[in-house]
Amino acid sequence: MDHPIALDSHALVFMTGRNCEMYVGDALKSLARQTHDEVHVLFVDDASEDATADIARHHLAALFPGRHTMVVNDVSWGKARSASTHLRALAPQYGFVAVLDADDQLIEPTILATMAREYAEGCDVVWTNFVTDRGGTGRNQALDPTLSPRLQGWRTSHFFSFRASLFANVDPSYFQDDDGRWLTAACDFAIAFPILDQTRRYRFLPVNAYRYTASNPYSHHNLDPQSVGLSSRHQAASARIVLAKPALPCTRPAREAVDPVSAAAAVARPWAPVVRERTAAPTVAATDPWSAAAAAELVRRCPRVLAALRHAPAAAADPVFLNDLHAAVGRARRVLEIGASPLLGWLAAFAADTGTATITSLAADTDRINARRRELRLAGAETSVQIIESRWAELTLGDTTGYLPDPGALDGQAPFDLVIVAPDAWGARVAANLALPAVAPLLSLEGFTVHLQGVDADVQQDAAAQWRALAPELELLCGDFGGSVLTVISGATN
């Protein structure tokens with residue numbers, strides 16, 4: 001029987017830790033960088049003897065106000081009992097559960113948003129691959145839905161998530177040994193298999209989204225001199241206990257028949273991260289006199305904007321803003337746009353009109369890149385913009401760490417005298433803090449302008465303060481282009 005299950009994108013992130021004071025702050029910061037907004041954190045401190053609880057409490061209040069639940073066990077329960085008790089109580093309120101250990105980190109900022117999409121499309125279990133802080137790479141992979149998951153080995157470790165309603169079907173005995181003692185090792189294993197038993201609607205995302213801290217001295221494999229890889233003897237024994245338990249019945253078969261040869265390939269289709277698409281600039285109807293005059297002047301000087309408007313209506317922007325942007329492109333020789341935003345169609349039209357600037361776009365999201373290429377092709381401008389697809393790069397400035405399209409992919413393309421950053425690709429505050437140092441090696445020594453586009457006033461002020469401290473000689477204009485842009489101008493352009 002195919003039981004109806006709510007398609008809820010709200011994620012409950014289950015975090016447990018004991019004596020993780022060296023790691024827990026970075027773990028929570030990595031979670032805060034996720035682009036998915038519908039997140040609640042269940043943090044369980046397992047009777048730590050160090051400052052883990054205090055550090056976690058501080059970061060939860062700062063990063064997830066009103067979106068977290070913290071539990072402190074009086075004595076060490078272990079992850080299995082904490083899941084059976086604390087997670088079981090909270091899970092029914094959420095769509096899916098994702099498991100992040102308090103000494104690890106998420107390194108793909110769109111992964112929760114991508115998982116939410118998979119659950120909305122009917123998946124019941126979604127997982128990724130991982131890397132370790134020692135340079136290793138995990139061996140997670142797709143499961144064959146025609147076979148029992150218990151026959152296919154341990155392929156679903158980190159980053160593991162599951163539809164929350166399935167957890168209610170797992171009896172506490174699945175987290176205990178034959179004598180009723182709670183398992184204190186291989187707890188991820190114990191959580192995963194009774195969930196996997198119930199469904200064949202799997203999805204493996206072939207991306208290294210999780211950073212496993214293999215160097216933690218308190219990890220089981222580091223406490224056992226006879227560990228094999230990341231598995232101690234204690235963990236191996238607990239895993240055998242889990243596999244010896246009867247499998248729960250599968251009530252969620254694969255929705256379509258698949259043959260054994262193509263099964264693995266079918267569930268491991270190419271990974272596509274979910275990135276929130278927003279309008280590049282405020283959409284303003286040209287009803288006031290200034291907007292009407294600006295629109296008429298822009299069309300007179302650049303008739304190609306009509307094609308951009310027709311084929312990319314989501315990018316329709318305030319005519320005053322577009323006039324300013326047209327002038328900026330007209331003064332430039334080499335333009336770099338970061339994020340593959342809807343502004344790209346306008347930039348292509350302006351560059352073709354002025355005949356002086358070349359346009360390069362750098363992005364790390366395939367869906368956005370494909371959307372822009374389609375718009376450019378429809379407008380007959382596909383050859384006027386070079387779009388370079390990159391990987392995500394981790395960047396740090398002060399207390400801010402985030403992920404931006406890797407500037408290293410532009411090797412040989414610099415220098416640029418106009419850079420336009422579209423922060424909607426990865427989060428405005430992260431882009432605001434990191435954009436200038438990220439693009440600094442790409443800027444022209446003869447003078448440059450950087451526009452951080454589409455950010456709120458408070459974000460602009462925070463970024464301006466940091467950038468001013470780094471380079472006091474730069475001119476910084478908050479509220480440029482009608483209010484939503486932070487502009488940086490080098491003294492050489494004056």
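Residues numbered from 1 in each chain as written. Predicted model: local features only at pLDDT ≥ 70, side-chain atom pairs only at ≥ 80, totals over all residues. Heavy atoms only, no water.

A.B. asks: Go over the overall build of the protein with me, naming the residues and quoting the values.
C.D. replies: Broken down by element type, the protein carries 15 helices and 17 strands. Put simply, the protein has 494 residues, and 55% of those count as buried. Put simply, the protein shows about 20,700 Å² of open surface, and 54% of that area lies on carbon and sulfur atoms. (Helix = DSSP H or I, 4+ residues; strand = E, 2+ residues; numbered from the N terminus. Buried < 20%, exposed > 50% of the residue type's maximum accessible area, 1.4 Å probe, protein only. Areas by Shrake-Rupley, 256 points an atom, 1.4 Å probe, with all protein chains shown as cover.)

A.B. asks: So, the sheet that holds strand β10 (residues 358-363): which residues are in play, and what are the values?
C.D. replies: Across the sheet, which stays open at both edges, the 7 strands sit in the order β11-β10-β9-β14-β15-β17-β16 with mixed pairing between neighbours. Strand pairing shows two members of the sheet lacking a second neighbour, β11 (385-389) and β16 (475-480), which therefore form its edges. In this sheet, adjacent strand axes meet at a mean angle of 15° when their direction is disregarded. Relative to strand β15 (residues 449-453), strand β14 (residues 418-421) is paired through 4 bridges, and the arrangement is parallel. Looking across to β15, one finds that leucine 418 is bridged to threonine 449. Sitting on the sheet, helix α12 (residues 343-354) touches β9 (334-338), β10, β11, β14 and β15, and the angle it makes with β10 is about 165°. (Pairing = 2+ DSSP bridges. Axes fitted to C-alpha atoms, helices over the stretch in contact; angles between N-to-C directions. Contact = heavy atoms within 4.5 Å.)

A.B. asks: Residues and numbers for the packing of aromatic side chains, please.
C.D. replies: Any aromatic ring pair is given by two values, namely how distant the centres are and how the planes are angled relative to each other. Inspection of every chain in the model, using the stated rule, returns 12 aromatic pairs. Taken together, a centroid distance of 6.1 Å and an interplanar angle of 70° make the contact between tryptophan 127 and tyrosine 202 edge-to-face. With tryptophan 127 in strand β6 (residues 125-132) and tyrosine 202 in strand β8 (residues 202-212), this pair connects stretches of sequence that are 75 residues apart. The burial state of tryptophan 127 is the same as that of tyrosine 202; both residues are buried. Their ring planes at 55° and their centres at 6.1 Å tell us that phenylalanine 130 and tyrosine 212 sit as a pair that is tilted. On the criterion of sequence distance, the pair formed by phenylalanine 130 in strand β6 and tyrosine 212 in strand β8 is long-range, its members being 82 residues apart. Both residues of the pair, phenylalanine 130 and tyrosine 212, count as buried. In this structure an aromatic cluster arises from ring pairing among Phe160, Phe162, Phe167 and Phe175. Looking at arginine 81, its charged tip hangs above the ring of tryptophan 77, at a distance of 3.9 Å from the centre. Taking NZ or CZ as reference, arginine 334 lies 5.3 Å from the ring centre of phenylalanine 416, over its face. (Phe/Tyr/Trp six-rings, centres within 6.5 Å; stacked < 30°, edge-to-face > 60°. Lys NZ or Arg CZ within 6 Å of the ring centre and 35° of its normal.)

A.B. asks: Can you break down the pattern of salt bridges residue by residue, with the values?
C.D. replies: Per the stated rule, a full pass over the model turns up 12 salt bridges. The shortest N-O distance in the salt bridge between arginine 18 and glutamate 49 comes to 3.6 Å. Residue arginine 18 is found in the loop between β1 (11-17) and α1 (24-32), and its partner glutamate 49 is found in the loop between β2 (39-45) and α2 (52-63); the two are separated by 31 residues along the sequence. Here arginine 117 and glutamate 118 are joined by a salt bridge, their closest N and O atoms 3.7 Å apart. (Salt bridge = Lys/Arg side-chain N within 4 Å of Asp/Glu carboxyl O.)

A.B. asks: A description of helix α3 (residues 79-90) should follow, citing residues and the corresponding values.
C.D. replies: Its 12 residues place the ends of α3 15 Å apart at the C-alpha level, agreeing with the 16 Å of an ideal helix rising 1.5 Å per residue. Those residues of α3 not exposed but buried are Lys79, Ala80, Ser82, Ala83, Ser84, His86, Leu87 and Leu90. (Expected span 1.5 Å × (residues − 1).)

A.B. asks: Requested: an account of the confidence of the model for the protein, with residues and values cited.
C.D. replies: The predicted model of the protein averages 80 in pLDDT, with 80% of residues at 70 or higher. Low pLDDT, under 50, characterises residues 1-7; the predicted model gives this stretch 14 contacts beyond four residues in sequence or across chains. (pLDDT = per-residue confidence, 0-100.)

A.B. asks: Residues and numbers for the nonpolar core, please.
C.D. replies: Judged by nonpolar contacts, the single largest core of 39 residues is most densely connected at Phe14, Leu87, Val97, Val125, Phe162 and Leu196. Residue contributions to this core peak at 8 residues, all from helix α5 (residues 187-197). Discounting residues that sit within four places of it in the chain, phenylalanine 162 has contacts with Leu87, Phe96, Val97, Val99, Tyr119, Asp124, Val125, Phe167, Ile191 and Ile195. (Core = buried A, V, L, I, M, F, W, Y, C linked by side-chain atoms within 4.5 Å.)

A.B. asks: Let's hear about the packing of α5 against helix α7 (residues 233-244): which residues, and what values?
C.D. replies: One way to put it is that α5 packs onto α7 with a least axis distance of 9 Å and a crossing angle of 15°. The angle between α5 and α7 falls in the class roughly parallel. Relative to α7, α5 is oriented so that their crossing is right-handed. Taking contact as the criterion, the partners of Phe189, Ala190 and Phe193 in α5 are, on α7, Ala239, Val242 and Leu243. (Parallel < 35°, antiparallel > 145°, perpendicular 65-115°, else oblique. Left-handed = near helix turned anticlockwise from the far one by under 90°.)

A.B. asks: So, the packing of α1 against α2: which residues are in play, and what are the values?
C.D. replies: Two elements in contact, α1 and α2, have axes whose closest approach is 9 Å; the angle formed by their N-to-C orientations is 20°. It follows that α1 is roughly parallel to α2 by the angle criterion. As for the relative orientation of α1 and α2, their crossing is right-handed in sense. Residues Val24, Gly25, Leu28, Lys29 and Ala32 of α1 touch α2, and the partners they reach there are Thr52, Ile55, Ala56, His59, Leu60 and Leu63.

A.B. asks: Any details on helix α11 (residues 319-331)? Residues and values, ideally.
C.D. replies: Along an α-helix, a turn takes 3.6 residues, which lines up residues three or four apart on a common side. Over its 13 residues, α11 extends 19 Å from the first C-alpha to the last, a length consistent with the 18 Å expected when each residue adds 1.5 Å. Every buried residue of α11 is accounted for by Pro319, Phe321, Leu322, Asn323, Leu325, His326, Ala328 and Val329.

A.B. asks: Tell me about the side chain of arginine 252, and name the residues and values.
C.D. replies: Relative to the helices and strands, arginine 252 is located in the loop between α7 and α8 (260-267). Of the polar contacts made by the side chain of arginine 252, one reaches the side chain of aspartate 124; its length is 2.9 Å. (Polar contact = N/O pair within 3.5 Å; in protein donor to acceptor, adjacent residues only side chain to side chain.)

A.B. asks: Which residues make up the side chain of threonine 360, and what values go with them?
C.D. replies: Checked against the element boundaries, threonine 360 lands in strand β10. The residues contacting threonine 360, other than those within four sequence positions of it, are Val335, Leu336, Glu337, Gln386, Ile388, Leu410, Gln413 and Phe416.

A.B. asks: Summarise the sheet that holds β2; cite the residues concerned and give the values.
C.D. replies: Spatially, β3-β2-β1-β4-β7-β6-β8-β5 is the arrangement adopted by the 8 strands of the open sheet, whose pairing is mixed. Strands with a single pairing partner mark the edges of an open sheet, and in this sheet they are β3 (68-72) and β5 (105-106). Relative to strand β7 (residues 160-163), strand β4 (residues 96-99) runs antiparallel, the two being bridged by 3 bridges. By the bridge assignment, phenylalanine 96 is partnered in β7 with arginine 163.

A.B. asks: An account of the pairing of β8 is needed here, citing residue identities and associated values.
C.D. replies: Most of β8 is tucked away: 8 of the 11 residues are buried. Where β5 meets β8, 2 bridges bridge the pair, whose relative direction is antiparallel. Along β8, the bridge assignment pairs glutamine 105 with arginine 211. Pairing between β6 and β8: 8 bridges, direction parallel. Its bridge partner lying in β8, valine 125 is registered against tyrosine 202.

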